[in-house]
Amino acid sequence: MHDSGEVIIPIGPQHPALKEPECFLISLRGEKITAASIKLGYNHRGIEKACESRTYIQDLYLIERICGICSHSHSTCFVQAVEEIAGIEIPGRAKYIRTLIGELERIHSHLLWLGVAGHEIGFDTLLMYTWRDREVVMDILASLTGNRVNYGINTVGGVRRDIKPDHQEKILKAMDLLEERTKYYIELGSSESTLIKRLSKVGMLSRADAKNLGAVGPTARASGIERDVRKDDPYAAYAELDFKVITSDKCDVYGRTLVRLGELMQSFSLVRQVMQKIPSGPITVKTGRKIPSGEAVSRYEAPRGEDFHYVRANGTEMPERVKVRAPTLANIQAVSKMLEDRYLADLPIVIAAIDPCFSCTDRMVTLHDQTRHKKNTFAWETIRRKSISWYRQQGVDFKALNKKMAKLF
Amino acid sequence: MTDEEKIKQELENKFTYLKDAVIVKRKSRVFAAVPLEKFKHVFDYAVKNLGFDGLCAITGLDLGESLGVIYHLNREGRLTLNLTVALDKEHPQVATVTDYFPGADIYEREMVDLLGIAVKGLATGQHYPLPDNWPKNDHPLRKDWKGEAKHA
């Protein structure tokens, strides 16, 4: 304890309240936070350096693994820069498929966030509901791309997989279901007084501070800044689609919640428009392995905000320099401001409200039986069946909801 | 005249040494190579007179014989102006832009750690992204860095 009566508490890099490695040094006077400093870098894997000694195609898969949730955001942002340097115009159908995967990714990410936010304020029912709903969109991503995360859909010159006719009906039905569920969450968010009171005036970030500190995405939009790369600097098929940029002038965690809920509704509409307008034709154009010398800047509206990539090519198969500025890096600097003069108990939800990234689950699990020296591999469906049966044995049954969902699929 | 061409014209009219150094690559993308000693004038003009109210990122480069820094400015979320400066590899130094954009702090620290580019005026603070005990003068994004940290 300092002579001034202040106590400094280190939170992280490993701490039960944090889902990823960061270190927050919190100065406290009683329960009140007087200052917060953030130490980052614990998860830095040197991906930019690694890109310089790999081919563009290898880099595409490496870059997709920067984030388990926004994997498509990073791979699209990177490939757009490479295509711009090489002067490649990708087919219209490929642009729509990239947009479709991008919006499905936003839906799964925002539903995931809503659950995490619920959990951080002790509203675990919301976590259970939203993560259950999120499975609907994860299944679609798996059936479209073969993976729940790290979709591997992009390639230099277009996309690797086409949408099959039977996907269309499945996707549209899923949008109807998720829209119905999201309307329920919107109603909850506008009428549930405990939720409103817990999130209002918490983690305040004024419009001026959001701008000064370079906040992006829902964090900036909830401070009244109407910016969205999809609208401001359109890429993929966004210039041909109709959608609103959702903002709020509340400047708090509640505003960030409302913005993400509104964005979910926009994403459902965007997916429907994609399915309606997607042109027929090829999904890729042939390209060489070498990319001519040049440089390009690419921007992408990831679920957490603007993703920014700079690529410099030197005429070989490998890039000279790849620079990545993920949205969390832009937003994390606003967290200290949001924590000023708040209570320590607000810290988890304030940090969660910028939606920092943490890894998503694998699609397949391999279990090593130590006693029998035997290896068993379980498919995702097997794990799902086992978990449902385990919960039934504990007396938890979702039969009624399952029936309702079965009707839709 | 497009917005991009207007920016090129305004920069070239104001700073004669930028003639032929401003390139409109495509819609919303303007690049300009700026002499280091004139950088602050051009940056200041871009922010205060041309309306570039956001800083997307700062990229550090190892160009072999020299180092480089690109400041990716943004106007109302739309147009990006990318100002590049070349630096002497022996004593690379730029001035901080945190007086314009406080959020630049972390981007400048990254440049200090990974490329060894000194930033004059940057407040004393923590490393990013390297650990506090990382050896001095060991910068992983330099081209001659081959994958292992130098340990004292």
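Please read all numbers here as calculations on a predicted model, not as lab measurements. (Residues numbered from 1 in each chain as written. Chains lettered and ligands numbered in written order. Predicted model: local features only at pLDDT ≥ 70, side-chain atom pairs only at ≥ 80, totals over all residues.)

Caption draft 1: Broad picture of the overall build of chain B. Each helix and strand in chain B was counted, giving three helices and seven strands. The globule rule puts the C-alpha radius of gyration for 152 residues at 15 Å, and the 16 Å found for chain B is close to it. Judged by the C-alpha coordinates and their principal axes, chain B covers about 55 × 30 × 25 Å. Within chain B, contacts between residues at least 6 apart in sequence are counted, and of these 45% link residues at least 24 apart. (Helix = DSSP H or I, 4+ residues; strand = E, 2+ residues; numbered from the N terminus. Rg over C-alpha atoms; globule rule 2.2 N^0.38 Å. Contact = placed C-beta atoms within 7 Å.)

Caption draft 2: Looking closely at helix α2 (residues 56-64) of chain A. Residues and elements named next belong to chain A. Within α2, burial applies to Y56, D59, L60, I63 and E64. For α2, the buried positions fall inside an angular range of 135 degrees around the axis, keeping them on one side. The inward-facing, buried residues of α2 abut α1 (47-51), α3 (71-86), β4 (154-155) and β8 (319-325). (Buried ≥ 20, exposed ≤ 12 C-beta atoms within 10 Å, placed from the backbone. Arc of directions from axis to C-beta.)

Caption draft 3: Region of the structure containing the environment of A:S37. Residues and elements named next belong to chain A. Among the secondary structure elements, S37 is positioned in strand β3 (residues 32-39). Residue classification places S37 among the partly exposed residues on the basis of 13 C-beta atoms within 10 Å. With 240 residues separating them in the primary sequence, S37 and K277 have C-alpha atoms 48 Å apart. Residue contacts for S37: discarding those within four places in its chain leaves L25 and S336.

Caption draft 4: How the structure looks around the sheet that holds strand β5 (residues 79-88) of chain B. Residue and element names in this part refer to chain B. Pairing is mixed across the open sheet formed by five strands, whose spatial order is β1-β2-β5-β4-β3. With one partner strand each, in any of the chains shown, β1 (22-26) and β3 (54-62) form the two edges of the open sheet. Neighbour to neighbour, the strand axes of the sheet diverge by 20 degrees on average, direction disregarded. Note: β3 against strand β4 (residues 66-75), eight bridges, orientation antiparallel. Pairing of A57 across the sheet is with H72, part of β4. (Pairing = 2+ DSSP bridges. Axes fitted to C-alpha atoms, helices over the stretch in contact; angles between N-to-C directions.)

Caption draft 5: Representation of unusual backbone geometry within the structure. Residue A:P13 is bonded to the preceding A:G12 through a cis peptide linkage, with omega at 10 degrees. Note that A:P13 resides in the loop between β1 (7-11) and β2 (23-29). Note the cis peptide between B:Y128 and B:P129, where omega equals 0 degrees. Position of B:P129 relative to the elements: it lies in the segment after β7 (118-120). Positive phi, close to 65 degrees, is recorded for A:C251, a residue that is not glycine. Mapped onto the fold, A:C251 is located in the loop between α10 (229-232) and α11 (253-277). Of the residues examined, A:C251 has 20 C-beta atoms within 10 Å and is grouped as buried. Residues other than glycine seldom take positive phi values, yet B:D20 does so here, at roughly 70 degrees.

Caption draft 6: Here's a closer look at the confidence of the model for chain B. Confidence along chain B averages 94 in pLDDT terms, with 97% of residues attaining 70 or more. At the level of chain-chain contacts, confidence expressed as ipTM amounts to 0.96, with global pTM at 0.91. (pLDDT = per-residue confidence, 0-100.)

Caption draft 7: Representation of the interface of chain A and chain B. On the chain B side, the residues contacting the 23 residues of chain A number 27 residues. Across the side of chain A that touches chain B, the residue classes break down as seven nonpolar, six polar and ten charged. (Nonpolar A, V, L, I, M, F, W, Y, C, P; charged D, E, K, R; others polar.)

Caption draft 8: The arrangement of the environment of B:V42 in detail. Residue and element names in this part refer to chain B. Examined against the element boundaries, V42 turns out to sit in helix α2 (residues 39-48). Exposure remark for V42: the 24 C-beta atoms within 10 Å place this residue in the buried category. For the pair V42 and A32, spaced ten residues apart in sequence, the C-alpha to C-alpha distance is 10.0 Å.

Caption draft 9: Main features of the sheet that holds strand β7 (residues 305-313) of chain A. Residue and element names in this part refer to chain A. If you walk across this open sheet you meet the three strands as β6-β7-β8, and the pairing is antiparallel. Since the sheet does not close on itself, it has two edges, and those belong to β6 (294-302) and β8, each with one partner. Direction aside, the axes of adjacent strands within the sheet are offset by 15 degrees on average. Here six bridges tie β7 to β8, and the two strands are oriented antiparallel to one another. For F308, the partnering residue across the bridge sits in β8 and is R325. Each of β6, β7 and β8 touches helix α12 (residues 327-339); the most contacted strand, β7, lies at about 130 degrees to it.

Caption draft 10: Structural view of the pairing of β2(A). Residues and elements named next belong to chain A. Note that β1 and β2 share five bridges and pair antiparallel. Within β2, the position partnered with I9 by the bridge is I26. Relative to β3, β2 is paired through seven bridges, and the arrangement is antiparallel. Paired with R29 across the two strands is K32, which belongs to β3. In this antiparallel pair of consecutive strands, β2 and β3, the connection spans two residues, and G30 shows a positive phi of 65 degrees.

Caption draft 11: Here's a closer look at the environment of A:R230. Residue and element names in this part refer to chain A. Checked against the element boundaries, R230 lands in helix α10. For R230 and E301, which are 71 residues apart along the polypeptide, the C-alpha to C-alpha distance reads 6.0 Å. Not counting chain neighbours up to four residues away, the residues in contact with R230 comprise Y238 and E301.

Caption draft 12: Seen up close, the domain arrangement of chain A. All names here are of chain A. We note that the domain assignment places domain 1 (7-39), domain 2 (48-336 + 344-353) and domain 3 (365-408) within chain A. Contacts between domain 1 and domain 2 engage eight residues on the former and six residues on the latter. Tallying contributions element by element places β3 first for the side of domain 1 that touches domain 2, with four residues. Partitioned by chemical class, the residues of the side of domain 1 that touches domain 2 number six nonpolar, one polar and one charged. (Domains from an automatic or database assignment.)

Caption draft 13: Representation of the packing of α3(A) against helix α4 (residues 92-120) of chain A within the structure. Residues and elements named next belong to chain A. At a closest axis distance of 9 Å, the pairing of α3 and α4 adopts a crossing angle of 145 degrees. The handedness of the crossing between α3 and α4 is left-handed. Contacts between α3 and α4 involve H72, S73 and T76 on the former and, on the latter, R98, I101, G102 and E105. Of the residues belonging to the contact of α3 with α4, the class tally is one nonpolar, four polar and two charged. (Left-handed = near helix turned anticlockwise from the far one by under 90°.)

Caption draft 14: Inspection of the packing of α4(A) against helix α5 (residues 124-145) of chain A at higher detail. Residue and element names in this part refer to chain A. Direction vectors running N to C along α4 and α5 enclose 160 degrees, while the axes themselves pass 8 Å from each other. Judged by the inter-axis angle, α4 sits roughly antiparallel to α5. Once α4 is placed against α5, the crossing between them reads as left-handed. Side by side, α4 and α5 meet where I101, L104, I107, H108, L111, L112, L114, G115, G118 and H119 of the first sit next to D124, L126, L127, T130, W131, D133, R134, V137, M138, I140, L141 and T145 of the second. Looking at the contact of α4 with α5 residue by residue, the classes come out as 13 nonpolar, six polar and three charged. (Parallel < 35°, antiparallel > 145°, perpendicular 65-115°, else oblique.)

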